[in-house]
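Each chain, letter by letter, is given below.
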Amino acid sequence: MDRSVYRLTPRMEQNLRQSLSQYHHLFDGGRCSGWELEELFVKAIKSDTDANHLPKWREAGHDDMEDILIIENGNEYHIQIKSGKFSGKRDPKLQLSGHRLGRYNGDLNEITDYLNNRKANYITVPYRKLEDDYGRYHIYRLCYIDHYILAEIESQNWCKHGRQFRNQNKHGVLFKLVPSMSWQIWWDIPMRCLDMKEEFTDGRVLNNAQN
């Protein structure tokens, strides 16, 4: 197994689902926000005492390296926690936002080097809301994204597209730089690049994970 890869244990995943279910018994308006998700992940990791994973939460730190640093048997795992959103019915992709890169002053070579050399893996929990005659459902799906999926681009391949700069790597991930948002990076990630679990709401499985 690649030592740079981190996955929650089944007990941790179960704890996360239970916490999100409890959250929506208290708050029925919308999704669990970013910093709340991070804290629920830390609590989920700590819940599996047999695994002995030691999380260090960079609370409100906006650290480029990680939101959570996990130490397990001497190995360090740099994890970014994101929500994300699925879009598109014919060819669905996960839309994910990253850091603002205005400090590079629009230098596409430096931005490319930064994106290619980041080693953090992402754990995302895309959200959607469903309302029917029986009530409102807050639906989540746990997805893992390994760091190389959001790397491996070439600086000469950036193209101007309206008010954005766009690039694409060999995995089919679309990179979008938005100068008007302090050069924030956004990704459109094909479903095949995700290690996805089944959707869940209130502790119930809705459908099988797609591979």
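Here's a quick rundown of the structure. Please read these numbers as outputs of a predicted model, since none were measured by experiment.

Some points on helix H3 (residues 108-117)
Piece 1. What H3 keeps buried is the set Leu108, Ile111, Thr112, Tyr114 and Leu115. One face of H3 carries all of its buried residues, which in axial projection span an arc of 160 degrees.
Piece 2. In this structure, the buried side of H3 is in contact with strand E5 (93-100), strand E11 (164-168), strand E12 (174-178) and strand E13 (184-190).
Piece 3. With a side-chain oxygen lying 3.0 Å from the backbone nitrogen of Asn109, the N-terminal cap of H3 falls on Asp107.

Quick look at the environment of Thr9
Piece 1. Note that Thr9 resides in the segment before helix H1 (10-26).
Piece 2. For the pair Thr9 and Ala44, spaced 35 residues apart in sequence, the C-alpha separation works out to 9.4 Å.
Piece 3. Setting aside anything within four residues of it in sequence, one finds Thr9 in contact with Asp48, Ala51 and His53.
Piece 4. Within the structure, the side chain of Thr9 is placed 2.6 Å from the side chain of Asp48, a separation counted as a polar contact.

Some details on the sheet that holds strand E10 (residues 159-161)
Piece 1. Spatially, 6 strands are ordered E4-E5-E13-E12-E11-E10 in an open sheet, and the strand pairing comes out antiparallel. Either end of the sheet is taken by a strand with one partner, and the two such strands are strand E4 (85-87) and E10. With direction set aside, neighbouring strand axes in the sheet form an average angle of 30 degrees.
Piece 2. Bridging between E10 and E11 involves 3 bridges; their strand directions are antiparallel. Pairing of His161 across the sheet is with Gln164, part of E11.

A word on the nonpolar core
Piece 1. Leu101, Leu115, Ile145, Trp158, Leu177, Trp187 and Ile189 are the most contacted members of the largest nonpolar core, which totals 27 residues.
Piece 2. Broken down by secondary-structure element, the contributors of at least two residues to this core are E5, H3, strand E9 (143-145), E12 and E13.
Piece 3. When neighbours within four sequence positions are excluded, Leu115 is seen to be in contact with Leu101, Leu150, Ala151, Ile153, Trp158, Phe175, Ile185 and Trp187.
Piece 4. Grouped together as the second largest cluster of nonpolar side chains are 25 residues, Leu8, Ile70, Ile79 and Tyr127 included.

Here's the deal with the pattern of salt bridges
Piece 1. A complete count under the given rule lists 14 salt bridges for this structure.
Piece 2. For Asp146, the salt bridge goes to Arg7, with nearest N and O atoms at 3.3 Å. Note that Asp146 is positioned in the loop between E9 and E10 and Arg7 in the segment before H1, a separation of 139 residues in sequence.
Piece 3. Taking relative accessible area as the criterion, Asp146 reaches 13% and is therefore assigned buried.
Piece 4. The salt bridge partner of Asp91 is Lys93, with a shortest N-O separation of 2.5 Å.
Piece 5. A cluster of three or more residues bridged by salt bridges with shared partners is formed by Arg7, Asp146 and Asp195.

Reading guide: rules and limits
- Note on numbering: residues in each chain are counted from 1, in written sequence order.
- This being a predicted model, a pLDDT of at least 70 is required before a residue's local features are given, and a value of 80 or more before pairs of side-chain atoms are given or counted; all residues contribute to the totals for chains, interfaces and linings.
- Here the side-chain values reflect all heavy atoms present in the structure, with hydrogen atoms and water set aside.
- Residue burial is assigned from relative accessible area. The probe radius is 1.4 Å, only protein chains are included, and a residue is buried under 20% of its type maximum, exposed over 50%, and partly exposed in between.
- Strands here mean DSSP runs of E at least two residues long; helices mean DSSP runs of H or I at least four residues long; both are numbered from the N terminus.
- It is the directions from the helix axis to the C-beta atoms that the arc portrays.
- Here a residue-residue contact requires only that any non-hydrogen atoms of the pair lie within 4.5 Å.
- For the purposes of these results, a polar contact is taken to be a pair of N or O atoms within 3.5 Å, where, inside protein, one atom must be able to donate a hydrogen and its partner to accept one; residues adjacent in sequence count only when each atom of the pair is a side-chain atom.
- Two strands are said to pair when DSSP picks up at least two bridges between them.
- To define axes, lines are fitted to C-alpha atoms, for helices over the stretch in contact only, and angles between the resulting N-to-C directions are given on a 0 to 180 degree scale.
- For the purposes of this section, nonpolar cores are sets of buried Ala, Val, Leu, Ile, Met, Phe, Trp, Tyr and Cys residues that join through side-chain atoms within 4.5 Å.
- Counted as salt bridges are all cases of a side-chain nitrogen of Lys or Arg within 4 Å of a carboxyl oxygen of Asp or Glu.

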